[in-house]
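For reference, the chains in residue letters:
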Amino acid sequence: MATLAPDRISIDTIADKVYAGERITADDARFLYQHPNLLDLATLANHRRIQKTDPKVVTYIIGRILNYTNVCWVRCKFCAFYRTPNHVEGYLHSDEEILAKVQDTVDKGGVEILFQGGLNPKLKIDYYEGIFSKIKARFPEVILHALSPAEIIYIAHISKLTLTECLERLKAAGLHSIPGAGGEILVDRVRAVIAPYKDTTDEWLECMRAASALGIRSTASMMFGHVETIDDRIEHMGRIRDLQDECQPFRAFISWTFQPEDTNLPIPNKASSADYLRTVAVSRIFLDNFDNFQVSILTQGPKIAQTALAYGANDFGSVMIEENVVSAAGNKFILSAEEFERLICDAGYEPRRRNTRYEPL
Ligand code: SF4
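Remember, predicted model here, so these are calculated numbers, not experimental data.

Enquirer: Could you clarify how one ought to interpret the nonpolar core in this entry?
Expert: Nonpolar side chains in soluble globular proteins generally cluster together in the buried interior. Membership of the largest hydrophobic core comes to 104 residues, with the highest contact counts inside it found for Leu144, Ala281, Ile285, Ala308 and Tyr311. No other element matches the seven residues that helix α11 (residues 273-286) contributes to this core.

Enquirer: Explanation requested: the site of the ligand in the structure shown.
Expert: In the region of the ligand, the neighbouring residues are Cys72, Val74, Arg75, Cys76, Cys79, Phe81, Tyr82, Gly118, Leu119, Ala150, Ala195 and Lys198. A class-by-class count of the residues in the shell around the ligand yields nine nonpolar, one polar and two charged.

Enquirer: Would you mind showing me how to read the packing of α11 against helix α12 (residues 297-308) here?
Expert: Two packed helices can be described by the angle between their axes and the distance between those axes. Interhelical geometry of α11 versus α12 gives an angle of 40 degrees and a closest axis separation of 10 Å. Between α11 and α12, the crossing angle belongs to the class labelled oblique. When the axes of α11 and α12 are compared, the crossing they make is right-handed. The residues of α12 that touch α11, namely those facing Ser273, Tyr276, Leu277 and Val280, are Gln300, Ile304, Thr307 and Ala308. Its residues assigned to classes, the contact of α11 with α12 comprises five nonpolar, three polar and no charged.

Enquirer: I tried to follow the environment of Leu163 on my own but got confused; where do I start?
Expert: Following the sequence through the fold, Leu163 ends up in helix α7 (residues 163-173). Between the C-alpha atoms of Leu163 and Ala45, which are 118 residues apart in sequence, the distance is 36 Å. Contact partners of Leu163, with chain neighbours within four places excluded, come to Ile153, Ala156, Cys207 and Ala210.

Enquirer: Just to check I follow, could you spell out the pairing of strand β5 (residues 217-224) for this structure?
Expert: The side chains of a regular strand alternate, residue by residue, between the two faces of the sheet. Here β5 lies mainly inside the structure; eight of its eight residues are buried. Across the two faces of β5 the burial is the same, with Arg217, Thr219, Ser221 and Met223 and Ser218, Ala220, Met222 and Phe224 all buried. Where strand β4 (residues 175-178) and β5 come together, two bridges link them in parallel fashion. Looking across to β5, one finds that Ser177 is bridged to Arg217. The parallel pair β5 and strand β6 (residues 250-257), bridged by helix α10 (residues 230-247), forms a crossover whose chirality is right-handed.

Enquirer: How should I be thinking about helix α9 (residues 201-213) in this particular structure?
Expert: Counting along an α-helix, one turn takes 3.6 residues, and residues three or four places apart therefore face a common direction. In a regular helix each residue adds 1.5 Å, so 13 residues correspond to 18 Å; α9 covers 19 Å between its end C-alpha atoms and thus fits that length. Of all the positions in α9, only Trp204, Leu205, Cys207, Met208, Ala210, Ala211 and Ser212 are classed as buried. Looking at the buried side of α9, the elements it contacts are α6 (149-158), α7, β4, β5 and α10. Phi turns positive, to about 80 degrees, at Gly215, one or two residues after α9.

Enquirer: Hey, could you run me through unusual backbone geometry in this one?
Expert: Glycine aside, a negative phi is what most residues show, and trans is what most peptide bonds show. Here the phi dihedral of Lys160 falls at roughly 55 degrees; this positive angle occurs in a residue that is not glycine. Residue position: Lys160 is located in the loop between α6 and α7. On the basis of neighbour count, Lys160 is assigned to the exposed category, with 10 C-beta atoms found within 10 Å. The phi torsion at Gln248 lies on the positive side, around 45 degrees, for a residue other than glycine. Within the secondary structure layout, Gln248 lies in the loop between α10 and β6. Note on Gln248: 12 C-beta atoms within 10 Å, which makes it exposed.

Calculation notes
Residues numbered from 1 in each chain as written. Predicted model: local features only at pLDDT ≥ 70, side-chain atom pairs only at ≥ 80, totals over all residues. Core = buried A, V, L, I, M, F, W, Y, C linked by C-beta atoms within 7 Å. Buried ≥ 20, exposed ≤ 12 C-beta atoms within 10 Å, placed from the backbone. Helix = DSSP H or I, 4+ residues; strand = E, 2+ residues; numbered from the N terminus. Near = placed C-beta within 6 Å. Nonpolar A, V, L, I, M, F, W, Y, C, P; charged D, E, K, R; others polar. Axes fitted to C-alpha atoms, helices over the stretch in contact; angles between N-to-C directions. Parallel < 35°, antiparallel > 145°, perpendicular 65-115°, else oblique. Left-handed = near helix turned anticlockwise from the far one by under 90°. Contact = placed C-beta atoms within 7 Å. Pairing = 2+ DSSP bridges. Right-handed = clockwise from strand over helix to strand, strands pointing away. Expected span 1.5 Å × (residues − 1).

Structural data, given as structure tokens:
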């Protein structure tokens, strides 16, 4: 099909594509970011959502973010969580502490451990094989949703393994899937400003590609509202959409706004709630090869999370028994399963508990 010149794009030409189940272009997405009527975006995003998921249902999971170490040499400017090697506040949980946290998660109905930390130079592949094997031996029912691409690339590097060898060994030890963390904005110009020592865009994507080839699935994320432009956000989504076309690595897309408190990235104005809702809607419309879109209660709070359900989101994310990374940057919206269910019902949907595979429990 011929592509309309940007000045011929209108909300009607985009709506025609959405109602026909067709893909929108980057220029269309740019138009949507400038379109004044947010409710038009909600209507289109909700239509995409209905094409993909049960319109009555909002899913959620019970899990724990287990930040096994905060030691990290990478020093991303947006991060308030890390402590550099040898810092007095650096920690590495003992195996016993980790297993006790997993036990506590299981006791509270949790099914997923999101095992994530910093790039700790003391931890090679044998550490991860050891702790994953212990967790799986004692809690075979728990799903290990673990490590960011940055961690995996670094573990491979210091263990002198190829990426695929590293992923194979992690999988054999119990790794089920990889969270999309560390994507931030997949544009190297932006990464050079906010995280100059971290993996590049191509390296992040290659890790997800290599994992997918081994049957390890992941999620994709976007942290916005810092130094990026709208074009950067659209380029980020374009890279994610292309990889999803290529090998379907992603089960869900999750976007959240940068929390500047206690970081080395001073941003005068945090992204607004309107910007968040617009971005949720544009991502749902643009990423037509994704089924699930998660709200970010942790950064937006319950009311905007409920509102985002009308902007294309269909998942409330995780009831977090523990979370340290976003909380370190100032936000503490941590709610119980009962509160999740009440919020979902009050917004007019049926809550449904799920596992990491998005299967109902
Ligand atoms: S975001 Fe991750 S890689 Fe960057 S400093 Fe924080 S812990 Fe380290």
